[in-house]
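Notes for the structure review
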Amino acid sequence: MLKIDRMTTTADLLKLTSVNQDIFVDLNQKDAEIISGGCKLVEITNKTKYDITHVLDGKQYLMKPGEKWYFAAPNGYISFDTDGRDNYKQDKSYTLNNEGKYKFEDNNYTPENPYDLDLYIA
Ligand SMILES: [Ca+2]
Ligand SMILES: [Ca+2]
């Protein structure tokens, strides 16, 4: 444990900060998988104006517009409805990468259809 028994100088603080960052980076790079129990860690943001229900490795989630969630998923297999309208459903699926950042967003390949969305790398 660090013990500070004198006035801490700026240099000391910088040193402490730097040490902490090293530890943090180390955890991210080497131990993230161990800490997460071998799961893939992913971040997903819902950038659409729709409620989106998706199933990630068999568990169902509902994300509201603007929400950002962090998931620990064993396999990273995601399936979701690409049509934002309640009465239309068109499923699509992907396998997500460990430490990937993703976003649900209006898709960029059907400009004539304003209701459909896709999952993109953020
Ligand atoms: Ca729908
Ligand atoms: Ca579209």
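A brief report on the enclosed structure follows. (Residues numbered from 1 in each chain as written. Chains lettered and ligands numbered in written order. Predicted model: local features only at pLDDT ≥ 70, side-chain atom pairs only at ≥ 80, totals over all residues.)

1. Regarding the nonpolar core
Let me state the cut-off plainly: What makes a nonpolar core is a set of buried Ala, Val, Leu, Ile, Met, Phe, Trp, Tyr and Cys residues, with links drawn between C-beta atoms within 7 Å. Buried residues are those with 20 or more other C-beta atoms within 10 Å of their own C-beta, exposed residues have 12 or fewer, and partly exposed residues lie in between; C-beta atoms are placed from the backbone. Two residues qualify as a contact pair if the distance between their C-beta atoms, derived from the backbone, is within 7 Å.
Grouped together as the largest cluster of nonpolar side chains are 11 residues: Val42, Ile44, Ile52, Leu56, Phe71, Ile78, Phe80, Leu96, Phe104, Leu117 and Leu119. Contact partners of Phe104, with chain neighbours within four places excluded, come to Asn46, Lys47, Thr48, Ile52, Leu117 and Leu119.

2. Re the sheet that holds strand S4 (residues 68-73)
Whether parallel or antiparallel, the strands of a sheet pair through hydrogen bonds between backbone atoms. The following threshold applies: Two strands are said to pair when DSSP picks up at least two bridges between them. Counting from the N terminus, the helices are the DSSP runs of H or I reaching at least four residues and the strands are the DSSP runs of E reaching at least two. Helix axes use the C-alpha atoms of the stretch in contact, all axes being lines fitted to C-alpha atoms, and the angles between their N-to-C directions lie in the range 0 to 180 degrees.
Here four strands make up an open sheet; going across it, the order is S4-S1-S7-S8 and the pairing mixed. Strands at the two margins of the open sheet, each flanked by one partner only, are S4 and strand S8 (117-121). Ignoring strand direction, the axes of neighbouring strands in this sheet form an average angle of 25°.

3. Overview of the environment of Leu119
In this structure, Leu119 sits in strand S8. In the structure, Leu119 is positioned 25 residues away from Tyr94 in sequence and 8.5 Å away in space, judged by C-alpha atoms. With near-sequence residues (within four places) excluded, Leu119 lies in contact with Phe80, Tyr94, Tyr102 and Phe104.

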